[in-house]
Structure formats: structure tokens, C-alpha cells
Amino acid sequence: MEFLSDIASLINSTLRISTPLVFAAMAGIFAERSGVIDFSLEGKMLMAAFVAAVGSYFLGNPWLGLFLAIIACVSLSMLHGFASVTYKGDQVVSCVAINILIIGLTTALAAAWFGQAGLTPTLNEDQRFLEVNLPFAKSLKDVPIIGTIYSDILSGHYIFVYLAYLTVPLVFWVVFKTSFGLRLRAVGENPSAVDTAGINVFAMRYKALAINGVLIAFAGAHLSTAVNANFFREMSAGRGYLALAAMIFGKWHPKTALVACLLFGFTDALQIRLQGVELPAIGEIPVQLIQALPYVLTVVLLAGFVGKAIAPNAIGQPYIKER
Amino acid sequence: MVSPILELKNINKSFGHVHANKNINLTINKGTIHGIIGENGAGKSTLMSIVFGLYKANSGTIKVNGKEINLRSPKDSIVNGIGMVHQHFMLVENFTVLENIILGFEGELVFGKNFVKAKKDLKNLCDTYKLNIDLNSIISDLSVGFRQRVEILKSLYRGAEILILDEPTGVLTPQEVDELFKILRSLNEEGKTIVLITHKLIEIMDLTSQVSVMRQGEMVGHIKTKDTNKEQLAEMMVGRSVLLRLDKSEVKTGDVVFKVEDLTVKDDLDVTRVKNVNLEICAGEILGLAGVTGNGQTELLEALSGIRKVESGEIYLDGKKISDSQNFLNPRELKEKGLAHVPEDRQRMGLVTDFKAYENLIFGYHDQQPFSKSSILNNKDIISHSKTIMEEYDVRPQSPNLITSNFSGGNQQKIILSRELNEKPKVLLVGQPTRGVDIGAIEFIHQRLIDMRDRGAAILLVSVELDEVLSLSDRIAVMFDGKIVGEKENKNVTDRELGLLMAGVV
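Residues numbered from 1 in each chain as written. Chains lettered and ligands numbered in written order. Predicted model: local features only at pLDDT ≥ 70, side-chain atom pairs only at ≥ 80, totals over all residues.

## Focus: the overall build of chain A
Helices and strands together make up the secondary structure of chain A, namely 14 helices and two strands. Since a compact globule built from 323 residues should have a radius of gyration of about 20 Å, the 21 Å found for chain A is in line with a globular shape. If you line up chain A on its principal axes, its C-alpha atoms span 70 × 50 × 40 Å. Classification of the 323 residues of chain A by burial places 46% in the buried group. Here the contacts in chain A between residues at least 6 apart in sequence split such that 75% fall between residues at least 24 apart. (Helix = DSSP H or I, 4+ residues; strand = E, 2+ residues; numbered from the N terminus. Rg over C-alpha atoms; globule rule 2.2 N^0.38 Å. Buried ≥ 20, exposed ≤ 12 C-beta atoms within 10 Å, placed from the backbone. Contact = placed C-beta atoms within 7 Å.)

Here it is in C-alpha cells:
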């Protein structure tokens, strides 16, 4: 039974840890499928975390914080679009600029408003999202198997965890089963074909970026108003980049990207679990080595195992109508 | 009673300093096949892109069925019954035919009823015009000819009454051209108006009933096709009389100079693109290599010129083995042995377009006397050499200091050609010598190649323009799927025969 509960808690934390990755990867799919590179997932996630925490602190309601985070992230996406879609700038440069700007901005604003560089006040229970206990979770707890799955693994997560996994089929449906999705995929493959079909290429890319902003805001709010009760400096900790890697690993496809996110989440959960544990025959693995695991995995997977990831054909290229 | 379906009045369009369309007036009558002919860069495509709503004219009016319309985007022209098949197809390669066609005209937010209806409508359209397209196939699996039909079907589905085709035959085999013309004729019989943009005189004479000629952004004349001929049209296009037939003396071939044995070449993706190719070229002979784009000609040319390593096989010069997979000579070593190369893609491989003309005129020979001494360039001599050579090859404008990208396609090609021919090579490899080059320059380039041959050079001419291969070559080899599928003396051979070989039918 000891072993079973270990597995259950590992799966439980995998689901939780993967959540921001899933939101970010889905956000990335919208931007990149439309032909706009989005390295700024990292910066936007950080911004969302900051705005959600601050908004929640001042307004006393985490939902209002989330709402403000959405506005902030959509604005940043629009900024990215303004630079790289309308003014045809280099998309990577625009993203890097956003990432650097946000690191500095969040730290500076926290210092100005709360007197602590890069730290916001701790939120009380009313100001943050709490764990959701599914109905009957308590009473089913002692039922074998079902109890483990339902009460230990599925129940007791933050609202964002459930939302993230609902988002994936929704994204799949939008991208592959609607006319919006058809246009979205087309604009990332051959914008000229879209233009000659009488659809505004720029408007399509802005719409995709707007959705991207909304989704990434959830990832940030999850970090600062759910799993943590405040914002701290650079709290996104590379998750935006990791999500981008997962999205590429998943070949710009929501289902496979989800698998990749879960894999990254699992290695992270595993490294937390393995810290300080004596393994049979090997002994205790140094913490640093274990902590490097998800990143090593990222490099290995992206370098070797994915095969050739075929990006949308027109990715990174601004659409120039007249020569 | 003929009624105009499309009327253009005083259309003007500029790109920066380039005045691409000057005061264009054009009337196209309902139910006709109307040709618009002109050289590359005459402004034909620009004009039609304006009609299709892709570019915005600086001034002028457009009327459809007598009613003035305001074109803000292709949507406006599509709803007014204008369809266009672009030179570069506007298709999403990893979509199915059906997805490409309904794109922008889905008629519903979530695929469902209309999707099924579209499928049925399209099947009917396919049957009516005998297009023979499988709606579920992925575009990248289709041949160029079929992709073009998808484009036509797309326009029809969107309700086109006027169908504009921009240089539709450039990428087709003669058989595919026949098929296309059949389709266009049957569309015309059903009452559709067709506008054919081309620089090929023969197509105008074959298909159209009315022709308008453009030159340097201006409309220079409108005539009934039956009242004109090729010579007159060519003169109108170029602005002076041109020789359509080449003066070619009888061939006096010498010994075999250049020989290729069992050559096999792979591309960057490790796909074998050239399969056991054997070729022989004699002194004073032009061997034309015909074939549809992408059948291994590019890789063969790259291998022969030392750019792409061969997998197996041998290359001989004057009976001596000079290069094989073990001991593969690079382009410089080949050059020293008397082999020159005019690459297919002149802007990527033949020139550094951001450099000045005089620099491009000596590239590859820049370390030789008198251009440089102890690794220091002698710019004075280079520029005076450039002036002479630019005059000899009629490169216009004759300014060695001009940045190369500012020259027209034809003049860029002359820069490369003069650089390579000036060294009087024994063997000359030429890829697509006149792609995107205007008629006047084509005439000049062809004449130079013939002169080279008459001086005893062995020339390999790789071209997708069948007319070019036919008019220049002494012998013609046809390449299909990496193999030489046929070789013929250029006597009494027709483009039909070659077309069958090119399609891999025989």
C-alpha cells in the first residue's frame, strides 16, 4: 500500500506541475499555428502571475486578479503583434524584448508598491484560489482503487488544474473542427492563400494572439494565486520555455503537446520525490543531478527522439503583401 | 452583341520609384478568351493583382458589368465574380483539396452541413468540367498540373465568371498544357470569360480571340488575334523587331570532351535524386537536358559543377578521369581544369546580389592576375576590365559600380554569363539560362551560347523550357525521376515526343 500511495501522489503532483505548462503550450499553439513565433510565453506568464497576485491583493478577489491578468497578457500579445505582425519586425527579438521587460517591470513595481524587490504580500484565503474537493471524495477515500484514483489523484486540485485539462480537447476542437481553426492553420502555412481567399491575414494573426494572451494568463494566475500565495521574482522559472519545447515536441498538436507537458511534469514530480531518497543499489543521488533531470530530458528529447518536427511553413515570416 | 464584362480606366500603380502600371485602359468582353502578353516585368501580373484586389491601385477605376466597383481586398473581387489562378499557387500544401477550396468560404462556424454540401457541389463541378480531382487528396501529393486544376476549381466554386490565369503553363509539360487548354476551352464554351497572362506568343495564337500587349508598364495595343501574327506581337512587346528563329550553323562535333559514367547523387534529405546517369558531350556540341522541374536536373548540375558530392560514378574530361566519389573535385579545382558553370538559381548561387557589378564580374577568378596581386585586389584593373566586358555583353546599364540587385534579371544573367564565358572554358554547364529573362536578352544569351559552341566548347544545357532546349541543342536527353529516359538527335524530334518522355510515360 505504501508503494501505491507513492504512485498516487506522484501522479497527483504530475497533474499539478503540468498545469501551467499545458496552458502555455496551448497558448503557444495558437500563436505559432498562425505563423507567429512566441518565445514570450515566459514573460507573459510572469506578468500574469504578478498582475493576478497584485490585483487579487488590492481587490480582494482572485477572479478579479485573473481578469486583470488576462487583460495584461492580451495587451502584451497585442504589443508582440504590433511589432511583428503590423510592423513586420523580427518576431524573436520582439519576444526577447517582452521577456526582459517583464522581469524588470515586475521586480521594480513590486519594490515601488510593497517596498520589497520582486515580492508581493502574502494573500489570505479570500484572495487566492483554494483546492477544490470533488463531491464524495471523503466518503470514497477508503474504497480500494476507486478511492485512490478519485480521492487521491483527481480530487483536491486547484480549479486551474481542471481547467487546463479541459482546455486541451477544446483547443483541439477549435483548431481542427471549426472554420476559424482552418483559417488559423492556413495562415501559418501559406498566408498568401488566406489573403487571396479574401481573409485578412493580419486580423487572423491578431485574433490568434488574443487567444494566446487569454490562455497564458491562466498559467500565471495558477502560479501566484493558487499554488503559491504571492508573487516572487522570476517565479515562472523557465516554464514558458519548457512549454514551448513541449509544444514543439508535440509537433504543434494539442494532444501530443499535452503528452509532452505531462512528461515534463512527471520528471519534475519525480525529481522532487527522489530528493533525499536512498535508491536500492545506487544510493542517494545528489540533489543537483536530480534537479537537472527535466532539463536534460528536454534536451535529449528535442535533439534526438522527436524526429523532424515540421513547423508551420510560414512561421517567423511577417506577411508582406506587396513586393 | 458583345458586352464588356471588365473595364479598366487609367489604372496607375507605383512601387516606390517603379511605375509598374501607367494609365492602363483595358476592356474585356464577356465570353471571350483574352490574352495579355508582355515581357517579364512589363506589369501584367501587377495589373491583374489589382483587378483581383490584392494590390491597391494608386488611381483609376474598375467596372464589372458596367458597374464601378471598389476593391479593398480579394473578397470584393471574388463576390464580383473575379477569380485568379496565380503563377505561384495559393494553396496550403498540407491541407486537402476540399479544405483549400472552402477556405474563407466555409459558410459555417463549425464544420457540419455545409461541409457535406460543399463536397457534393464540388463533385458536380468536377464532373461538368472533367477536372478529375480527388477532393480528399493532400495538395503536396498532387502533381503541378493537378494543383493548377485545384486552383481553377477553387475559383469556380467561389463563383468566378472571369477567370484570370497568370503564366499558367510555365511549370507544365506539353501534355499538361494541352489538358489545361482543353479545360479552358470548355469553360469558355460554358460562358466564362478567360484572361490569359503570358509571355509565350504561341499560347496567345493558340487560345485567345483578343490580345492586349504590355510593355514597360504601359498598354501598347489591343488587337484581334486573327488579325495579327507572332512576329508583330513580338515586335510590339519588345519595341523593336526580334529574331524568333536562331541562326544556327551545322554542327561540326569533335572528340568527346566531357563524359559522365554511372553517376548517382543524393540530396540533402538523403534521397537519391540522380540515378546512374551516363552522358557524353563532344567538342562543339550542345547537349540539352529536358525535364519537368524536380526530376534530378538540379542535383545533377550541382554534382557536375562540384557543389554536391556524388555517391558513386565518375566524371571524365578529355578522356581522363578527373573526379569521383573518393577524389571529388571542388568547384575551384574544376574551374582550373576548364569547366565553367552558370547555375540555375542565379541570385542564390551565381551572384552576391548586394555586391557591386564589378565584384560579381570577377568572382571565382578574383585571385588571378591582373585582378589581384599577393592577395590584394587591384580595383582599377578590375573596373576597367568590367567596363570592357559589360560593353561586349551588352549589360545595361554599363556601370560597374552599381549594386547587382539593381540590374534586371536579364542583365544579371549577362553578368554571370560574361564572367564564365570570358575564361573560354572547355566545358560549360548552364542551368535555366533564360528563366525570368526578357525576350531581347534571351535572343542575346542564346546567340552567345551558340557562339561558344561554334568555338568548340562542349555545352550542357539544363532547361525546363522545352522551346529553349529544342532551339539550342544538337542532341537532347530527357530526365525523369533521376534517370535519363531518352536521348535523341535534335532532328525531326517534336515537343510531343519529348513531352511523353518528360512525363515518364514511355
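Now that the structure has been shown, we can carry on.
## Regarding helix α5 (residues 144-157) of chain B
Residues and elements named next belong to chain B. End to end, α5 covers 20 Å across 14 residues, agreeing with the expected 20 Å (1.5 Å per residue, within 8%). Among all positions of α5, only Gln 148, Arg 149, Val 150, Glu 151, Ile 152, Leu 153, Lys 154, Ser 155 and Leu 156 are buried. Against the buried residues of α5 lie β6 (82-85), α3 (97-102), α4 (113-128), β7 (162-166) and α6 (174-189). Taken from the residues just after α5, Gly 159 is the one with a positive phi, measuring 85 degrees. (Expected span 1.5 Å × (residues − 1).)

## Comments concerning the sheet that holds strand β16 (residues 339-342) of chain B
Residue and element names in this part refer to chain B. On the basis of which strands lie adjacent, the open sheet formed by six strands has the order β16-β19-β20-β13-β21-β22 and mixed pairing. Here the strands that pair on one side only, and so sit at the sheet edges, are β16 and β22 (483-489). Averaged over all pairs of adjacent strands, the angle between their axes in this sheet comes to 15 degrees, without regard to strand direction. Bridge count between strand β21 (residues 475-480) and β22: six bridges; the pairing is antiparallel. When the sheet's bridge partners are listed, Ala 477 is paired in β22 with Glu 487. Each of β16 and β19 (427-431) touches helix α14 (residues 409-421); the most contacted strand, β16, lies at about 180 degrees to it. (Pairing = 2+ DSSP bridges. Axes fitted to C-alpha atoms, helices over the stretch in contact; angles between N-to-C directions.)

## As for the domain arrangement of chain B
All names here are of chain B. Split into domains, chain B comes out as domain 1 (4-238), domain 2 (243-338 + 425-506) and domain 3 (352-424). Centre-to-centre separation of domain 1 and domain 2, based on C-alpha positions: 34 Å. Broken down by secondary-structure element, the contributors of at least two residues to the side of domain 1 that touches domain 2 are α6 and α8 (230-238). Counting residues per element, the side of domain 1 that touches domain 2 draws most heavily on α8, which supplies five residues. Split into classes, the residues belonging to the side of domain 1 that touches domain 2 amount to five nonpolar, four polar and three charged. (Domains from an automatic or database assignment. Nonpolar A, V, L, I, M, F, W, Y, C, P; charged D, E, K, R; others polar.)

## Observations concerning the environment of B:Leu8
All names here are of chain B. Tracing the sequence through the fold places Leu 8 in strand β1 (residues 4-15). Judged by C-beta crowding, with 20 C-beta atoms within 10 Å, Leu 8 ranks as buried. Between the alpha carbons of Leu 8 and Ile 62 there is a distance of 4.7 Å; along the sequence they are 54 residues apart. If we skip the residues at most four places from it in the chain, Leu 8 touches Ile 24, Asn 25, Leu 26, Gly 60 and Ile 62.

## Points about the interface of chain A and chain B
Counting from both sides, the interface comprises 19 residues of chain A and, opposite them, 22 residues of chain B. When contributions to the side of chain A that touches chain B are tallied by element, the ones reaching two or more residues are α8 (179-189) and α9 (191-196) of chain A. Its residues assigned to classes, the side of chain A that touches chain B comprises six nonpolar, seven polar and six charged.

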